[in-house]
Structure formats: C-alpha cells, structure tokens
Amino acid sequence: MASISLNSVTKVYPNGYEAIHGLDLEIADGEFMVMVGPSGCGKTTVLRMIAGLEEVSSGTVKIDDEVVNDVAPRDRDIAMVFQSYALYPHMSVAQNIGFALRMKKLPKAEIDRRVRDAASVLGITDWLSRKPAQLSGGQRQRVAMGRAIVREPSVFLMDEPLSNLDAKLRVQMRAEVARVQKRIGVATLYVTHDQTEAMTLGHRVAVMRAGVLQQCDAPQTLYDRPTNLFVAGFIGSPSMNLIEARLSDDLTSFSMGSQTVSLPTDIFERRPRLRGFAGQMVVVGIRPEDLHAPNANRPGVDVSGVVELVEALGAELLVHFSMDAKLVQSELSKHADESGEEVTDTGQVAVARIEPGYAVRAGDKFTFRVDPQRFEFFDGATEQAIWI
C-alpha cells in the first residue's frame, strides 16, 4: 500500500505551453481521489506524470514517500485503467486478465489464483472462458479493471474509464468501481470531466481549471462551500445560477436588475466579510433546488422571472426562466475551441428545480421563494467566495 504526493509539480511543453502550474496534492493510502474539470484543464497530464508517461518539468512526485521522478513507469508499482478497454480479441477473459503476470513469468498456479481472485472481486468468474467479442461494454470494462487488479499494485490510476458506456450503464458501473476500490483499499486517482461521477465516487474531489487546482475537498463541502465562481458553476447539475447584484449601502438588501431582494441581519453571522461590500457589486449564487414554487407557509424572499422552458422529469420540474439581471456564465456553458481559447455562449437563462404539479408554461411570469440563508456571495473582481 502507498500514498501519492505531488509537491509544486509543473509541466511545461517544448513549445512553452505550461499545462500544470505548481500543483500540490496529497492522496492518502486507501483514499479514492477524483480529479475533475473541463476538457483541457490538465487532469490527464497529472495522471500521466504520476504514472511516468509524462516527464515532470519541476517539482516532485512521490509514491510511498519515495521520489519517483526518474523511476521508469514499469517500476512504479502502478496499475492503470483507461477509457479504451484495449483487450486482446483472440484471448479469453482469463488470458487477458493474466497477461501481465505471464510476462513477468510468474508460476502458473500463482497466475491462476490471482486471476480467479480478481474475477471474484469483480463478479466475472463465469466469463473467464469467453472472448471479448462475447461481452458487453460494461463487461469489457470490468475485464480491463481485472487486468489492473490482478497485478496487486500499490496505486491505481483511472483515466475516464466509464466514458464509453451509455448513461444507464455508467450509473451501474460507478457503484461497481466504488465497491471494488473500497475492497482492494489502495490509493486511487480517478480522472473524469463528469462532475456527477466525481461527486458520487470520490472521498475527496480535486477541481482543476487551466492547470491550476481550484479546490480539493469532500464532495459535500465543494457543493455547500465552493471557494470561487468556477467551482460554484462547475459543481452541481443543473449548475448554480450566478447573478450580478449590488448590495445596498445599509446592507438591508441587494438589487438584481429591477428586482430588490431583502436581506435579514443574521445572514452576516455566517458571512461577516460581506459587510465590507456595502454598496458594491457582487455575484449572488442560487442553487436551482433552492428556488421553490411560491408557498405561503414557506419563509423566504421572492425572485421573479419569465418562463422560457419547462422540463417535466416526473419527480421534479426544471423551469428555465429569464431575468432582466445579468447572469454570469458558469463553466458548464463554456467550451474550448481548437486553439484552446474559451468560447462563451450568450444565454441569460436561470434554472429552478421545483416540485411537480404546478401549471407553469413558457411565457408565464413566475415567482420563486428562496431562503436568504441559501444565497452564496462572491467578489465580482476576484471571483472568490465571500465567507469569513
């Protein structure tokens, strides 16, 4: 068993592009760490530097307190699971799982024992004689995981292993991956661009943006207390509504476009620094699930908008609505073009997640009720959360 430690790790390519900027990250023995972020943020580069497939430009990578910067990949006691299954089609499942052990010339009895142990962990014992062509996508991914488990490594690295599966199978395999990692109990770094995967799998989640670590915390902490606008907009589905607002001089309210929203005095108990923003522009964050349909028995303040679209999902309604206030674009509405530059969509629509049963249609003016304690506040200039 081993831990992973990255200290001031930087990656600069020959053309001068700096993909990773001074990354510090600790992954404890047995911990399941998920690294998440948009495409091109450096997630896979970090994983490949740990594996030894990418050279570290500066800083140190340690595995079990040993610096491995100059250690060959095969000598790092690491097993990797990739997006591609890369199974040998002419070999059986048992032969695929045991291939690396045969290359090490281990005794046949030892290979058979390890293959059966790995198959038992993954629940694929009945498939050992099959060929990959006889398996579904999810079954092939289990075999790929078995090929990693059988090596009994100190560290697991997983690079978007579920991205080739359909949505329903991904949900099933997420639970499978979590169960297997808990059973084998080794330090694991799991890279994904899917924040739902990150939130459901990770003991802790490291959020990356443009090669810089933004926040590393337990999933619920990321959700409840995002450290900046990027994390707030990236974590959560639908993402947090981020709206430009101005605090009143006396701190009793804030204005969003033509709407004025009252603020109770106790809101400053959790956010004392907010007092320093009197009369200034801030960004107000509202989670979609904190926008409720109007209810006389529910305390709170009101936020109004014009309904643009209603998605009926059975257990809930997603109500997309426009406001005359300016919305700050979250990272979920951005993508990178071929040059790597961010391209931002121009939509100005907020989203509410409300209970079903309301007769709400496109074109309606609708008022939502919000508990003021659920508002998040960010410094519009620095993009940092305003807490203590």
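See the structure shown above.
A brief look at the structure comes next. (Residues numbered from 1 in each chain as written. Predicted model: local features only at pLDDT ≥ 70, side-chain atom pairs only at ≥ 80, totals over all residues. Heavy atoms only, no water.)

Take the overall build of the chain next. On a plain count of helices and strands, the chain comes out with ten helices and 21 strands. Considering the chain as a whole, with its 388 residues, one finds that 49% of them fall into the buried category. When contacts within the chain are restricted to residue pairs at least 6 apart in sequence, long-range pairs at least 24 apart make up 70% of them. On the chain, roughly 17900 Å² of surface is accessible, and the fraction owed to carbon and sulfur atoms is 49%. (Helix = DSSP H or I, 4+ residues; strand = E, 2+ residues; numbered from the N terminus. Buried < 20%, exposed > 50% of the residue type's maximum accessible area, 1.4 Å probe, protein only. Contact = heavy atoms within 4.5 Å. Areas by Shrake-Rupley, 256 points an atom, 1.4 Å probe, with all protein chains shown as cover.)

Spatially, six strands are ordered 6-7-8-3-9-10 in an open sheet, and the strand pairing comes out mixed. The strands lining the two open edges of the sheet, one partner per strand, are strand 6 (78-81) and strand 10 (212-217). When the angles between neighbouring strand axes are averaged without regard to direction, this sheet yields 20°. Each of strand 3 (32-36), strand 7 (155-159) and strand 8 (187-192) touches helix 6 (residues 167-184); the most contacted strand, strand 3, lies at about 140° to it. (Pairing = 2+ DSSP bridges. Axes fitted to C-alpha atoms, helices over the stretch in contact; angles between N-to-C directions.)

What follows concerns the state of the cysteines. Going through the model one piece at a time under the given rule, you end up with zero disulfides. With no disulfide of its own, Cys41 lies closest to Cys216 among cysteine sulfurs, the gap being 13 Å. (Disulfide = S-S within 2.5 Å.)

Taken together, the five bridges between strand 1 (residues 4-12) and strand 4 (residues 58-63) define a ladder with antiparallel strand orientation. Residue pairing in the sheet places Leu6 in a bridge with Val61 of strand 4. With two bridges connecting them, strand 4 and strand 5 (residues 66-67) associate as antiparallel partners. Counterpart to Ile63 in the pairing with strand 5 is Glu66. With antiparallel pairing between neighbouring strands as the criterion, strand 4 and strand 5 make up a hairpin whose turn holds two residues, including Asp64 at a positive phi of roughly 55°.

Attention shifts here to the packing of aromatic side chains. For the coordinates displayed, the defined rule picks out eight aromatic pairs. Ring centres 4.9 Å apart and planes at 50° place the aromatic pair Tyr88 and Phe99 in the tilted group. Residue Tyr88 is located in the loop between strand 6 and helix 2 (93-97), and its partner Phe99 is located in helix 3 (residues 99-103); the two are separated by eleven residues in the primary sequence. Taking 6.0 Å as the distance between ring centres and 85° as the angle between the ring planes, the aromatic pair formed by Phe254 and Phe377 counts as edge-to-face. With Phe254 in strand 12 (residues 253-256) and Phe377 in strand 21 (residues 376-379), this residue pair connects regions lying 123 residues apart in the sequence. Summarising the burial analysis for this pair, Phe254 and Phe377 share the class buried. Sitting over the face of the ring of Tyr13, Lys11 holds its NZ or CZ atom 4.9 Å from the ring centroid. The ring of Trp387 has Arg271 lying over it, and the distance from NZ or CZ to the ring centre is 5.1 Å. (Phe/Tyr/Trp six-rings, centres within 6.5 Å; stacked < 30°, edge-to-face > 60°. Lys NZ or Arg CZ within 6 Å of the ring centre and 35° of its normal.)

Before going further, it helps to spend a moment on the sheet that holds strand 14 (residues 281-286). Spatially, 13-12-11-14-21 is the arrangement adopted by the five strands of the open sheet, whose pairing is antiparallel. Looking at the sheet topology across the chains shown, the edges are occupied by strand 13 (259-262) and strand 21. Going from strand to strand, the sheet's axes swing by 40° on average, the running direction of each strand aside. Of the strand pairs in this sheet, strand 12 and strand 13 are connected by four bridges, and their pairing is antiparallel. Each residue of the ladder has a partner; that of Ser253, found in strand 13, is Ser262.

Attention now moves to unusual backbone geometry. That bond from Ser237 to Pro238 is cis: its omega, -5°, falls within 30 degrees of zero. By secondary structure assignment, the location of Pro238 is in the loop between helix 9 (229-234) and strand 11 (241-247). Phi is positive for Ala86, close to 50°, though the residue is something other than glycine. In this model, Glu160 sits at a positive phi of 45°, which is unusual for a non-glycine residue. Mapped onto the fold, Glu160 is located in the loop between strand 7 and helix 6.

Taken by themselves, the reported measurements are silent on function.
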